[in-house]
Amino acid sequence: MAQLKNLSTDIKETGFKYALLIGMGGSSLGPAVLAASFGYKTGFPEFFMLDSTVPSQIKDIESKIDIDKTIFIVSSKSGSTLEPNVLKDYFYQRVKDTVGAKKAGQQFIAITDPGSQLEQIAKKEEFRYIFYGLPSIGGRYSILSAFGMVPAAVMGIDIEHFLKNAQSMVHECQIETPTSSNSGLVLGTILGVLANENRNKVTFIVSKPIASLGAWLEQLLAESTGKSGKGLIPIDNEDLLSPSEYGNDRVFVYLRLKDQADTKQDTFVAELHKSSSPIVTIELENIYDLAQEFFRFEFATAIAGSIMKINPFNQPDVEASKVATRNITNEYEKTGKLQTEDPLFTQTEKNCSVEVFTDEDNWQLINKSKKSVNSLESILASFFEQVTAGDYVAILAYLQMNESNESAIQEIRSSIQHHLKVATCVGFGPRYLHSTGQVYKGGPNTGIFLEISADENIDLAIPNKKYTFAVVKNAQAMGDFQVLCERKRRALRINIKGNLITGLSILKKYIDQSHKAII
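Residues numbered from 1 in each chain as written. Predicted model: local features only at pLDDT ≥ 70, side-chain atom pairs only at ≥ 80, totals over all residues. Heavy atoms only, no water.

### Some details on the packing of aromatic side chains
Put simply, the test is: Here the aromatic set is Phe, Tyr and Trp, taking the six-membered ring for Trp, and pairing holds for ring centres within 6.5 Å; pairs whose planes are under 30 degrees apart are stacked, those over 60 apart are edge-to-face, and all others are tilted. Secondary structure counts use DSSP, requiring at least four H or I residues in a row for a helix and at least two E residues in a row for a strand, with both numbered from the N terminus. A 1.4 Å probe rolled over the protein chains alone gives each residue an accessible area, and that area as a share of the maximum for its type sets the label: buried under 20%, exposed over 50%, partly exposed in between. We call a charge positioned above a ring when the Lys NZ or Arg CZ atom is no farther than 6 Å from the ring centre and deviates by at most 35 degrees from the ring normal.
Under the criterion given, the structure shown has 25 aromatic pairs. Their ring planes at 80° and their centres at 4.9 Å tell us that Phe38 and Tyr288 sit as a pair that is edge-to-face. With a gap of 250 residues between them, Phe38 in helix H2 (residues 26-38) and Tyr288 in the loop between strand S9 (279-284) and helix H12 (290-308) connect regions that are remote in the sequence. Under the relative-accessibility criterion, Tyr288 is labelled buried at 14%. Taken together, the aromatic side chains of Phe72, Tyr90, Phe91, Tyr92, Phe108, Phe127 and Phe469 make up a single cluster linked through ring pairs. Between Lys88 and the ring centre of Tyr92, over which it is positioned, the NZ or CZ distance is 4.5 Å. The cationic tip of Arg493 hangs over the ring face of Phe357; the distance from NZ or CZ to the ring centre is 4.5 Å.

### Quick notes on the pairing of S9
To keep it simple, the criterion reads: One requirement defines pairing of two strands: DSSP has to find at least two bridges between them. Seen with its strands pointing away from the viewer, a crossover is right-handed if its path from the first strand over the helix to the second goes clockwise.
Direction of pairing for strand S8 (residues 250-257) relative to S9: parallel, over a ladder of six bridges. Considered in S9, the bridge of Leu255 is made with Ile282. Since S8 and S9 lie parallel, the crossover through helix H11 (residues 263-274) that links them has a hand, and here it is right-handed.

### Some thoughts on the environment of Leu144
Basically, it comes down to this: Whether two residues are in contact is decided by their heavy atoms: any pair within 4.5 Å suffices.
As for its placement among the helices and strands, Leu144 is situated in the loop between strand S5 (129-132) and helix H7 (146-155). A relative accessible area of 22% places Leu144 in the partly exposed class. For the pair formed by Leu144 and Asp317, sequence separation is 173 residues and the distance between their alpha carbons is 25 Å. Setting aside residues no more than four positions away along its own chain, Leu144 makes contact with Met149, Phe162, Leu163, Ala166, Ala291, Phe294 and Phe295.

### Re the pattern of salt bridges
The cut-off we apply is this: What counts as a salt bridge is simple: a side-chain nitrogen of Lys or Arg found within 4 Å of a carboxyl oxygen of Asp or Glu.
Taken as a whole, this structure holds 31 salt bridges when the rule is applied. The partner of Arg256 in a salt bridge is Asp266, with the nearest N and O atoms 2.9 Å apart. Of this pair, Arg256 sits in strand S8 while Asp266 sits in helix H11, and the two are 10 residues apart along the sequence. A salt bridge links Glu341 to Arg493, with the nearest nitrogen and oxygen atoms 2.3 Å apart. Placement of the pair is Glu341 in the loop between helix H13 (318-335) and strand S10 (345-349) and Arg493 in strand S15 (residues 490-497), with a sequence separation of 152 residues. Judged by relative accessible area, which is 38%, Glu341 ranks as partly exposed. Overlapping salt bridges bring together Lys59, Glu62 and Arg94 as one network.

### Examining the sheet that holds strand S14 (residues 447-454)
Rule in force here: Geometry is summarised by axes, namely lines fitted to C-alpha atoms with helices restricted to the contacting stretch, and by angles between N-to-C directions that run from 0 to 180 degrees.
The strand order across the open sheet formed by six strands is S10-S11-S15-S14-S12-S13, and the pairing between neighbours is mixed. Of all the strands in the sheet, the pair left with one neighbour each is S10 and strand S13 (423-428). Here the average twist between neighbouring strands, direction ignored, is 15°. Bridge analysis of strand S11 (residues 352-357) against S15 gives five bridges, and the strand direction is antiparallel. Within the sheet, the bridge partner assigned to Phe357 lies in S15 and is Arg493. Lying over the sheet, helix H16 (residues 403-420) contacts strand S12 (392-398), S13 and S14, oriented at roughly 160° with respect to S13. Contacts from helix H18 (residues 469-486) reach S11, S12, S14 and S15, with the element oriented near 155° to S12.

And the structure:
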(Lines give C-alpha, C1' and ligand atoms only; values in the text may rest on other atoms or scores of the structure.)
Protein backbone atom coordinates (compact mmCIF):
# COMPACT_ATOMS: atom_id res chain seq x y z
CA MET A 1 0.00 0.00 0.00
CA ALA A 2 2.85 2.41 0.84
CA GLN A 3 4.37 1.87 -2.62
CA LEU A 4 1.09 2.72 -4.30
CA LYS A 5 0.64 5.86 -2.20
CA ASN A 6 4.19 6.95 -3.00
CA LEU A 7 3.55 6.34 -6.70
CA SER A 8 0.36 8.39 -6.62
CA THR A 9 2.12 11.27 -4.85
CA ASP A 10 5.08 11.16 -7.26
CA ILE A 11 2.89 11.23 -10.37
CA LYS A 12 0.86 14.14 -9.02
CA GLU A 13 3.87 16.18 -7.85
CA THR A 14 5.83 15.58 -11.07
CA GLY A 15 2.95 17.10 -13.01
CA PHE A 16 2.33 14.49 -15.70
CA LYS A 17 -0.68 15.65 -17.73
CA TYR A 18 -1.43 12.31 -19.36
CA ALA A 19 -1.09 8.62 -18.60
CA LEU A 20 -1.14 5.99 -21.35
CA LEU A 21 -1.48 2.33 -20.42
CA ILE A 22 -0.24 -0.14 -23.02
CA GLY A 23 -1.48 -3.70 -22.52
CA MET A 24 -3.81 -6.45 -23.66
CA GLY A 25 -6.58 -8.50 -22.08
CA GLY A 26 -6.51 -8.58 -18.29
CA SER A 27 -3.70 -6.04 -18.20
CA SER A 28 -5.83 -3.39 -19.90
CA LEU A 29 -9.56 -4.11 -19.57
CA GLY A 30 -9.67 -3.77 -15.77
CA PRO A 31 -7.88 -0.38 -15.70
CA ALA A 32 -10.15 0.75 -18.54
CA VAL A 33 -13.18 0.05 -16.31
CA LEU A 34 -11.65 2.13 -13.50
CA ALA A 35 -10.81 5.03 -15.83
CA ALA A 36 -14.27 5.12 -17.42
CA SER A 37 -16.13 4.70 -14.11
CA PHE A 38 -14.13 7.04 -11.85
CA GLY A 39 -13.28 9.61 -14.51
CA TYR A 40 -10.65 12.35 -14.34
CA LYS A 41 -9.43 13.46 -10.92
CA THR A 42 -8.03 16.98 -10.52
CA GLY A 43 -4.24 17.09 -10.24
CA PHE A 44 -3.75 13.63 -11.74
CA PRO A 45 -3.07 12.66 -15.37
CA GLU A 46 -5.83 12.21 -17.91
CA PHE A 47 -5.87 8.46 -18.46
CA PHE A 48 -5.83 6.65 -21.82
CA MET A 49 -5.55 2.96 -22.66
CA LEU A 50 -4.25 1.45 -25.91
CA ASP A 51 -4.77 -2.20 -26.82
CA SER A 52 -4.84 -1.98 -30.61
CA THR A 53 -2.43 -2.41 -33.50
CA VAL A 54 -4.69 -0.51 -35.90
CA PRO A 55 -2.51 2.42 -37.10
CA SER A 56 -5.34 4.98 -37.05
CA GLN A 57 -6.16 4.00 -33.46
CA ILE A 58 -2.56 4.49 -32.38
CA LYS A 59 -2.31 7.82 -34.19
CA ASP A 60 -5.59 9.00 -32.65
CA ILE A 61 -4.33 8.28 -29.12
CA GLU A 62 -1.02 9.97 -29.89
CA SER A 63 -2.85 13.09 -31.05
CA LYS A 64 -4.54 13.38 -27.63
CA ILE A 65 -1.34 13.45 -25.55
CA ASP A 66 1.85 15.47 -25.31
CA ILE A 67 4.72 12.99 -25.50
CA ASP A 68 6.94 14.85 -23.02
CA LYS A 69 4.12 15.21 -20.46
CA THR A 70 2.94 11.59 -20.48
CA ILE A 71 3.67 8.73 -18.10
CA PHE A 72 3.54 5.42 -20.03
CA ILE A 73 2.48 2.23 -18.23
CA VAL A 74 3.57 -0.94 -20.02
CA SER A 75 1.56 -3.81 -18.56
CA SER A 76 2.27 -7.43 -19.50
CA LYS A 77 2.43 -10.46 -17.22
CA SER A 78 4.56 -12.56 -19.54
CA GLY A 79 6.45 -9.61 -20.98
CA SER A 80 6.48 -11.38 -24.35
CA THR A 81 3.06 -10.45 -25.77
CA LEU A 82 3.34 -8.99 -29.28
CA GLU A 83 1.04 -5.98 -28.99
CA PRO A 84 2.40 -4.31 -25.82
CA ASN A 85 5.95 -5.00 -26.99
CA VAL A 86 5.62 -3.27 -30.36
CA LEU A 87 3.53 -0.45 -28.89
CA LYS A 88 6.13 0.09 -26.16
CA ASP A 89 8.89 0.18 -28.81
CA TYR A 90 6.94 2.73 -30.83
CA PHE A 91 6.25 5.13 -27.95
CA TYR A 92 9.67 4.67 -26.34
CA GLN A 93 11.21 5.83 -29.62
CA ARG A 94 8.82 8.79 -29.71
CA VAL A 95 9.85 9.74 -26.15
CA LYS A 96 13.57 9.34 -26.98
CA ASP A 97 13.14 11.61 -30.00
CA THR A 98 11.37 14.20 -27.84
CA VAL A 99 13.29 14.31 -24.53
CA GLY A 100 16.46 12.38 -25.32
CA ALA A 101 17.65 8.85 -24.55
CA LYS A 102 18.91 9.63 -21.01
CA LYS A 103 15.51 10.87 -19.80
CA ALA A 104 13.21 8.56 -21.77
CA GLY A 105 13.04 5.73 -19.21
CA GLN A 106 11.79 8.08 -16.50
CA GLN A 107 8.50 8.37 -18.38
CA PHE A 108 7.84 4.61 -18.22
CA ILE A 109 6.42 2.22 -15.63
CA ALA A 110 6.50 -1.56 -16.10
CA ILE A 111 4.02 -3.98 -14.54
CA THR A 112 5.08 -7.56 -15.12
CA ASP A 113 5.85 -10.88 -13.48
CA PRO A 114 9.34 -11.43 -12.02
CA GLY A 115 11.96 -12.61 -14.49
CA SER A 116 10.04 -11.57 -17.60
CA GLN A 117 11.53 -10.08 -20.75
CA LEU A 118 9.79 -6.80 -19.92
CA GLU A 119 11.52 -6.68 -16.51
CA GLN A 120 14.89 -7.00 -18.22
CA ILE A 121 14.10 -4.24 -20.70
CA ALA A 122 12.74 -1.97 -17.96
CA LYS A 123 15.95 -2.35 -15.96
CA LYS A 124 18.14 -1.79 -19.00
CA GLU A 125 16.22 1.34 -20.05
CA GLU A 126 15.96 2.61 -16.46
CA PHE A 127 12.19 2.78 -16.17
CA ARG A 128 10.84 5.04 -13.43
CA TYR A 129 9.19 2.09 -11.66
CA ILE A 130 8.90 -1.67 -12.00
CA PHE A 131 5.95 -3.28 -10.22
CA TYR A 132 5.61 -7.04 -9.99
CA GLY A 133 2.58 -9.26 -10.31
CA LEU A 134 2.15 -12.67 -8.73
CA PRO A 135 2.83 -15.44 -11.28
CA SER A 136 0.11 -17.54 -9.62
CA ILE A 137 -2.58 -15.00 -10.60
CA GLY A 138 -3.78 -15.23 -14.20
CA GLY A 139 -4.16 -12.00 -16.16
CA ARG A 140 -7.95 -11.93 -16.20
CA TYR A 141 -7.98 -12.42 -12.40
CA SER A 142 -5.39 -9.71 -11.76
CA ILE A 143 -7.40 -6.48 -11.44
CA LEU A 144 -7.03 -6.39 -7.63
CA SER A 145 -3.27 -6.94 -7.90
CA ALA A 146 -0.56 -4.59 -9.22
CA PHE A 147 -2.01 -4.86 -12.73
CA GLY A 148 -5.10 -2.97 -11.60
CA MET A 149 -3.94 -1.03 -8.58
CA VAL A 150 -0.86 0.63 -10.13
CA PRO A 151 -2.97 2.27 -12.87
CA ALA A 152 -5.58 3.13 -10.22
CA ALA A 153 -2.92 4.91 -8.15
CA VAL A 154 -1.79 6.86 -11.22
CA MET A 155 -5.42 7.92 -11.78
CA GLY A 156 -5.70 9.18 -8.20
CA ILE A 157 -8.26 6.63 -7.00
CA ASP A 158 -8.42 6.05 -3.25
CA ILE A 159 -6.78 2.60 -3.27
CA GLU A 160 -7.25 1.94 0.44
CA HIS A 161 -11.00 2.60 0.24
CA PHE A 162 -11.24 0.51 -2.94
CA LEU A 163 -9.47 -2.52 -1.49
CA LYS A 164 -11.47 -2.35 1.75
CA ASN A 165 -14.60 -2.79 -0.37
CA ALA A 166 -13.00 -5.75 -2.11
CA GLN A 167 -12.07 -7.26 1.28
CA SER A 168 -15.70 -7.32 2.38
CA MET A 169 -16.53 -9.55 -0.62
CA VAL A 170 -13.48 -11.74 0.04
CA HIS A 171 -14.84 -12.29 3.57
CA GLU A 172 -18.32 -13.04 2.21
CA CYS A 173 -16.92 -15.73 -0.10
CA GLN A 174 -14.89 -17.56 2.56
CA ILE A 175 -15.50 -21.25 3.14
CA GLU A 176 -16.83 -20.56 6.64
CA THR A 177 -19.68 -18.45 5.22
CA PRO A 178 -23.02 -20.30 5.04
CA THR A 179 -23.82 -21.31 1.47
CA SER A 180 -26.93 -19.13 1.22
CA SER A 181 -24.92 -16.05 2.26
CA ASN A 182 -21.94 -16.73 -0.02
CA SER A 183 -22.96 -14.63 -3.01
CA GLY A 184 -19.95 -15.65 -5.12
CA LEU A 185 -20.78 -19.32 -4.60
CA VAL A 186 -24.47 -18.74 -5.36
CA LEU A 187 -23.72 -16.74 -8.53
CA GLY A 188 -21.20 -19.30 -9.78
CA THR A 189 -23.62 -22.15 -9.10
CA ILE A 190 -26.37 -20.40 -11.06
CA LEU A 191 -24.09 -19.79 -14.06
CA GLY A 192 -22.57 -23.27 -14.00
CA VAL A 193 -25.83 -25.20 -13.59
CA LEU A 194 -27.62 -23.17 -16.25
CA ALA A 195 -24.66 -23.59 -18.64
CA ASN A 196 -24.97 -27.36 -18.25
CA GLU A 197 -28.62 -26.95 -19.28
CA ASN A 198 -27.55 -25.00 -22.40
CA ARG A 199 -28.49 -21.59 -20.96
CA ASN A 200 -24.98 -20.35 -21.62
CA LYS A 201 -25.58 -16.90 -23.18
CA VAL A 202 -24.82 -14.71 -20.17
CA THR A 203 -26.46 -11.42 -21.10
CA PHE A 204 -25.29 -8.39 -19.14
CA ILE A 205 -27.40 -5.31 -18.47
CA VAL A 206 -25.17 -2.70 -16.85
CA SER A 207 -25.97 0.79 -15.56
CA LYS A 208 -24.47 3.39 -17.88
CA PRO A 209 -21.93 4.95 -15.46
CA ILE A 210 -20.27 1.53 -15.07
CA ALA A 211 -21.06 0.18 -18.55
CA SER A 212 -17.40 -0.52 -19.30
CA LEU A 213 -17.55 -3.34 -16.72
CA GLY A 214 -19.18 -5.45 -19.43
CA ALA A 215 -15.96 -5.69 -21.48
CA TRP A 216 -14.02 -6.91 -18.43
CA LEU A 217 -16.71 -9.49 -17.65
CA GLU A 218 -16.62 -10.69 -21.26
CA GLN A 219 -12.97 -11.60 -20.95
CA LEU A 220 -13.30 -13.16 -17.51
CA LEU A 221 -16.14 -15.49 -18.47
CA ALA A 222 -15.14 -16.30 -22.05
CA GLU A 223 -11.45 -16.93 -21.48
CA SER A 224 -12.04 -18.87 -18.25
CA THR A 225 -14.82 -21.19 -19.42
CA GLY A 226 -14.56 -21.40 -23.22
CA LYS A 227 -12.76 -24.70 -23.76
CA SER A 228 -13.32 -28.42 -24.39
CA GLY A 229 -16.41 -27.58 -26.44
CA LYS A 230 -18.06 -25.86 -23.46
CA GLY A 231 -18.32 -22.25 -22.40
CA LEU A 232 -20.24 -19.28 -21.09
CA ILE A 233 -20.90 -16.90 -24.01
CA PRO A 234 -20.92 -13.35 -22.59
CA ILE A 235 -23.27 -10.89 -24.29
CA ASP A 236 -22.55 -7.22 -23.58
CA ASN A 237 -24.18 -4.00 -24.81
CA GLU A 238 -26.89 -5.72 -26.83
CA ASP A 239 -30.25 -4.11 -27.71
CA LEU A 240 -33.05 -4.81 -25.24
CA LEU A 241 -35.89 -6.74 -26.91
CA SER A 242 -39.24 -7.96 -25.67
CA PRO A 243 -38.72 -10.97 -23.33
CA SER A 244 -40.69 -13.16 -25.74
CA GLU A 245 -38.09 -12.54 -28.46
CA TYR A 246 -35.27 -14.27 -26.58
CA GLY A 247 -34.43 -17.93 -26.92
CA ASN A 248 -34.16 -20.47 -24.12
CA ASP A 249 -30.37 -20.18 -24.12
CA ARG A 250 -30.18 -16.97 -22.04
CA VAL A 251 -29.45 -16.05 -18.44
CA PHE A 252 -29.51 -12.33 -17.63
CA VAL A 253 -27.31 -10.48 -15.15
CA TYR A 254 -28.32 -6.92 -14.17
CA LEU A 255 -25.61 -4.80 -12.56
CA ARG A 256 -27.54 -1.83 -11.20
CA LEU A 257 -25.83 1.25 -9.83
CA LYS A 258 -28.07 2.60 -7.07
CA ASP A 259 -29.26 6.21 -7.55
CA GLN A 260 -27.97 6.19 -11.15
CA ALA A 261 -30.12 3.40 -12.51
CA ASP A 262 -31.68 3.64 -15.96
CA THR A 263 -35.46 3.59 -16.11
CA LYS A 264 -35.48 1.71 -19.39
CA GLN A 265 -33.25 -1.00 -17.94
CA ASP A 266 -35.39 -1.25 -14.78
CA THR A 267 -38.53 -1.64 -16.89
CA PHE A 268 -36.89 -4.28 -19.07
CA VAL A 269 -35.76 -6.29 -16.03
CA ALA A 270 -39.25 -6.08 -14.51
CA GLU A 271 -40.65 -7.54 -17.75
CA LEU A 272 -38.05 -10.31 -17.64
CA HIS A 273 -39.19 -11.25 -14.13
CA LYS A 274 -42.78 -11.51 -15.36
CA SER A 275 -41.65 -13.84 -18.16
CA SER A 276 -39.87 -16.16 -15.70
CA SER A 277 -36.56 -15.70 -17.50
CA PRO A 278 -33.58 -16.50 -15.23
CA ILE A 279 -32.11 -13.22 -14.04
CA VAL A 280 -29.58 -12.23 -11.38
CA THR A 281 -29.76 -8.65 -10.08
CA ILE A 282 -26.79 -7.15 -8.26
CA GLU A 283 -27.04 -3.61 -6.86
CA LEU A 284 -23.97 -1.46 -6.30
CA GLU A 285 -24.19 1.32 -3.73
CA ASN A 286 -21.51 3.40 -5.48
CA ILE A 287 -18.64 3.02 -7.91
CA TYR A 288 -16.25 1.85 -5.18
CA ASP A 289 -18.40 -1.29 -5.04
CA LEU A 290 -16.81 -2.25 -8.36
CA ALA A 291 -14.08 -3.76 -6.18
CA GLN A 292 -16.62 -6.18 -4.73
CA GLU A 293 -17.88 -7.15 -8.19
CA PHE A 294 -14.38 -7.82 -9.46
CA PHE A 295 -13.85 -10.38 -6.71
CA ARG A 296 -17.43 -11.75 -6.70
CA PHE A 297 -17.29 -12.55 -10.43
CA GLU A 298 -13.77 -13.96 -10.27
CA PHE A 299 -14.87 -16.31 -7.49
CA ALA A 300 -18.14 -17.15 -9.28
CA THR A 301 -16.30 -17.91 -12.52
CA ALA A 302 -14.09 -20.44 -10.76
CA ILE A 303 -17.17 -22.08 -9.22
CA ALA A 304 -18.97 -22.17 -12.58
CA GLY A 305 -15.91 -23.74 -14.20
CA SER A 306 -15.86 -26.48 -11.59
CA ILE A 307 -19.54 -27.28 -12.16
CA MET A 308 -18.95 -27.29 -15.94
CA LYS A 309 -15.97 -29.64 -15.40
CA ILE A 310 -13.41 -27.39 -17.10
CA ASN A 311 -10.26 -25.65 -15.83
CA PRO A 312 -11.15 -21.94 -15.41
CA PHE A 313 -7.49 -20.92 -15.03
CA ASN A 314 -6.01 -21.80 -18.42
CA GLN A 315 -6.59 -20.54 -21.97
CA PRO A 316 -5.38 -23.29 -24.33
CA ASP A 317 -6.80 -21.83 -27.54
CA VAL A 318 -5.52 -18.25 -27.24
CA GLU A 319 -2.06 -19.34 -28.34
CA ALA A 320 -3.33 -20.69 -31.69
CA SER A 321 -4.04 -17.24 -33.13
CA LYS A 322 -0.73 -15.92 -31.75
CA VAL A 323 1.13 -18.70 -33.57
CA ALA A 324 -0.73 -18.04 -36.83
CA THR A 325 0.01 -14.31 -36.56
CA ARG A 326 3.65 -14.95 -35.71
CA ASN A 327 4.05 -17.20 -38.76
CA ILE A 328 2.68 -14.47 -41.02
CA THR A 329 4.81 -11.67 -39.52
CA ASN A 330 7.93 -13.88 -39.56
CA GLU A 331 7.37 -14.55 -43.24
CA TYR A 332 7.01 -10.81 -43.82
CA GLU A 333 10.32 -10.19 -42.05
CA LYS A 334 11.97 -12.60 -44.51
CA THR A 335 10.22 -11.57 -47.73
CA GLY A 336 8.85 -8.07 -47.13
CA LYS A 337 5.47 -9.27 -48.40
CA LEU A 338 2.19 -10.41 -46.88
CA GLN A 339 0.58 -13.51 -48.30
CA THR A 340 -2.01 -12.48 -50.87
CA GLU A 341 -5.60 -13.67 -51.13
CA ASP A 342 -8.05 -13.30 -53.97
CA PRO A 343 -11.60 -12.39 -52.89
CA LEU A 344 -14.31 -14.90 -53.76
CA PHE A 345 -16.66 -12.04 -54.58
CA THR A 346 -16.44 -8.24 -54.74
CA GLN A 347 -19.34 -5.79 -54.54
CA THR A 348 -18.38 -2.34 -55.86
CA GLU A 349 -20.53 0.76 -55.54
CA LYS A 350 -20.12 4.40 -54.46
CA ASN A 351 -16.34 4.16 -55.17
CA CYS A 352 -16.10 1.49 -52.49
CA SER A 353 -15.41 -2.24 -52.72
CA VAL A 354 -16.69 -4.87 -50.30
CA GLU A 355 -14.64 -8.05 -50.69
CA VAL A 356 -15.67 -11.52 -49.49
CA PHE A 357 -13.25 -14.18 -48.25
CA THR A 358 -13.61 -17.56 -46.60
CA ASP A 359 -12.09 -21.03 -46.73
CA GLU A 360 -13.11 -23.84 -49.05
CA ASP A 361 -15.32 -25.66 -46.50
CA ASN A 362 -17.31 -22.54 -45.63
CA TRP A 363 -17.63 -21.58 -49.29
CA GLN A 364 -19.06 -25.02 -50.03
CA LEU A 365 -21.59 -24.61 -47.20
CA ILE A 366 -22.63 -21.23 -48.58
CA ASN A 367 -23.02 -22.69 -52.06
CA LYS A 368 -25.19 -25.54 -50.79
CA SER A 369 -28.00 -23.02 -50.36
CA LYS A 370 -31.08 -23.49 -52.50
CA LYS A 371 -30.59 -19.90 -53.66
CA SER A 372 -28.21 -18.81 -56.40
CA VAL A 373 -25.05 -17.40 -54.78
CA ASN A 374 -24.10 -14.68 -57.25
CA SER A 375 -24.34 -11.44 -55.27
CA LEU A 376 -23.33 -10.01 -51.90
CA GLU A 377 -26.97 -10.25 -50.78
CA SER A 378 -27.24 -13.94 -51.74
CA ILE A 379 -23.87 -14.80 -50.13
CA LEU A 380 -24.94 -13.16 -46.87
CA ALA A 381 -28.38 -14.78 -47.05
CA SER A 382 -26.84 -18.21 -47.49
CA PHE A 383 -24.32 -17.55 -44.72
CA PHE A 384 -26.93 -16.41 -42.17
CA GLU A 385 -29.30 -19.17 -43.27
CA GLN A 386 -27.06 -21.49 -41.28
CA VAL A 387 -28.12 -19.83 -37.99
CA THR A 388 -30.32 -22.03 -35.81
CA ALA A 389 -31.80 -21.73 -32.31
CA GLY A 390 -29.07 -21.72 -29.68
CA ASP A 391 -26.48 -20.20 -32.02
CA TYR A 392 -24.91 -16.77 -31.62
CA VAL A 393 -23.48 -14.32 -34.15
CA ALA A 394 -20.17 -12.57 -33.41
CA ILE A 395 -18.96 -9.57 -35.39
CA LEU A 396 -15.17 -9.30 -35.23
CA ALA A 397 -14.03 -5.87 -36.39
CA TYR A 398 -10.38 -5.13 -37.14
CA LEU A 399 -11.08 -1.42 -37.29
CA GLN A 400 -10.35 1.71 -35.32
CA MET A 401 -12.55 1.67 -32.22
CA ASN A 402 -14.12 5.12 -32.49
CA GLU A 403 -17.64 6.48 -32.17
CA SER A 404 -18.55 6.37 -35.86
CA ASN A 405 -17.21 2.85 -36.42
CA GLU A 406 -18.76 1.51 -33.22
CA SER A 407 -22.11 3.03 -34.18
CA ALA A 408 -21.99 1.48 -37.67
CA ILE A 409 -21.03 -1.94 -36.29
CA GLN A 410 -23.80 -1.73 -33.66
CA GLU A 411 -26.33 -1.02 -36.45
CA ILE A 412 -25.20 -4.17 -38.26
CA ARG A 413 -25.42 -6.08 -34.98
CA SER A 414 -28.92 -4.76 -34.28
CA SER A 415 -30.10 -5.80 -37.75
CA ILE A 416 -28.87 -9.35 -37.17
CA GLN A 417 -30.29 -9.55 -33.64
CA HIS A 418 -33.74 -8.21 -34.55
CA HIS A 419 -34.15 -10.42 -37.60
CA LEU A 420 -32.53 -13.69 -36.53
CA LYS A 421 -33.51 -13.53 -32.82
CA VAL A 422 -30.23 -14.98 -31.62
CA ALA A 423 -27.56 -13.68 -29.25
CA THR A 424 -25.05 -11.29 -30.81
CA CYS A 425 -21.53 -10.19 -29.82
CA VAL A 426 -19.16 -7.50 -31.05
CA GLY A 427 -15.39 -7.68 -30.63
CA PHE A 428 -12.80 -5.24 -31.92
CA GLY A 429 -9.51 -6.79 -32.99
CA PRO A 430 -6.96 -7.44 -31.75
CA ARG A 431 -8.56 -6.82 -28.31
CA TYR A 432 -10.97 -9.75 -28.54
CA LEU A 433 -8.09 -12.16 -29.29
CA HIS A 434 -7.09 -11.81 -25.64
CA SER A 435 -10.69 -11.94 -24.43
CA THR A 436 -13.64 -13.66 -26.09
CA GLY A 437 -11.38 -15.27 -28.72
CA GLN A 438 -10.86 -18.25 -26.39
CA VAL A 439 -14.54 -19.24 -26.30
CA TYR A 440 -14.95 -18.60 -30.03
CA LYS A 441 -12.30 -21.20 -30.83
CA GLY A 442 -12.40 -23.52 -27.81
CA GLY A 443 -16.04 -23.31 -26.76
CA PRO A 444 -19.17 -24.87 -28.25
CA ASN A 445 -19.37 -24.79 -32.05
CA THR A 446 -22.49 -22.61 -32.02
CA GLY A 447 -20.95 -19.37 -33.25
CA ILE A 448 -21.39 -17.68 -36.63
CA PHE A 449 -18.44 -15.33 -37.21
CA LEU A 450 -18.46 -12.25 -39.44
CA GLU A 451 -14.99 -10.71 -39.51
CA ILE A 452 -14.72 -7.18 -40.91
CA SER A 453 -11.45 -5.51 -41.87
CA ALA A 454 -10.46 -2.53 -44.00
CA ASP A 455 -7.45 -1.29 -45.91
CA GLU A 456 -5.53 1.27 -43.86
CA ASN A 457 -5.23 4.88 -45.03
CA ILE A 458 -2.15 5.41 -42.86
CA ASP A 459 0.62 3.21 -41.50
CA LEU A 460 3.22 3.47 -38.76
CA ALA A 461 6.68 1.96 -38.62
CA ILE A 462 7.77 -0.25 -35.71
CA PRO A 463 11.36 0.36 -34.56
CA ASN A 464 13.80 -2.36 -35.65
CA LYS A 465 11.16 -4.29 -37.61
CA LYS A 466 10.43 -4.64 -41.32
CA TYR A 467 6.75 -5.16 -40.60
CA THR A 468 4.58 -2.17 -39.72
CA PHE A 469 1.49 -1.81 -37.55
CA ALA A 470 -0.75 -2.26 -40.61
CA VAL A 471 1.06 -5.51 -41.41
CA VAL A 472 0.61 -6.72 -37.81
CA LYS A 473 -3.09 -5.83 -37.84
CA ASN A 474 -3.63 -7.62 -41.16
CA ALA A 475 -1.63 -10.62 -39.95
CA GLN A 476 -3.78 -10.82 -36.81
CA ALA A 477 -7.01 -10.66 -38.82
CA MET A 478 -5.82 -13.26 -41.33
CA GLY A 479 -4.29 -15.49 -38.65
CA ASP A 480 -7.35 -15.56 -36.41
CA PHE A 481 -9.68 -16.18 -39.33
CA GLN A 482 -7.43 -19.05 -40.39
CA VAL A 483 -7.70 -20.62 -36.93
CA LEU A 484 -11.50 -20.18 -36.84
CA CYS A 485 -11.71 -22.06 -40.12
CA GLU A 486 -9.31 -24.76 -38.92
CA ARG A 487 -11.63 -25.26 -35.93
CA LYS A 488 -14.52 -25.78 -38.40
CA ARG A 489 -16.29 -22.59 -37.35
CA ARG A 490 -18.84 -21.01 -39.69
CA ALA A 491 -16.99 -17.87 -40.70
CA LEU A 492 -17.01 -15.18 -43.38
CA ARG A 493 -14.49 -12.36 -43.78
CA ILE A 494 -15.34 -8.99 -45.30
CA ASN A 495 -12.67 -6.48 -46.32
CA ILE A 496 -13.55 -2.91 -47.25
CA LYS A 497 -11.57 -0.82 -49.73
CA GLY A 498 -12.38 2.88 -49.92
CA ASN A 499 -14.35 4.99 -47.45
CA LEU A 500 -14.94 2.82 -44.38
CA ILE A 501 -18.28 4.28 -43.27
CA THR A 502 -19.59 4.01 -46.83
CA GLY A 503 -18.41 0.40 -46.97
CA LEU A 504 -20.07 -0.44 -43.65
CA SER A 505 -23.35 1.14 -44.82
CA ILE A 506 -23.20 -0.94 -48.02
CA LEU A 507 -22.60 -4.07 -45.95
CA LYS A 508 -25.53 -3.26 -43.66
CA LYS A 509 -27.81 -2.66 -46.64
CA TYR A 510 -27.10 -6.11 -48.03
CA ILE A 511 -27.37 -7.73 -44.61
CA ASP A 512 -30.82 -6.15 -44.25
CA GLN A 513 -31.77 -7.45 -47.70
CA SER A 514 -30.36 -10.89 -46.91
CA HIS A 515 -32.78 -11.25 -43.99
CA LYS A 516 -35.71 -10.77 -46.38
CA ALA A 517 -34.21 -13.40 -48.67
CA ILE A 518 -33.97 -15.87 -45.76
CA ILE A 519 -37.62 -15.30 -44.86
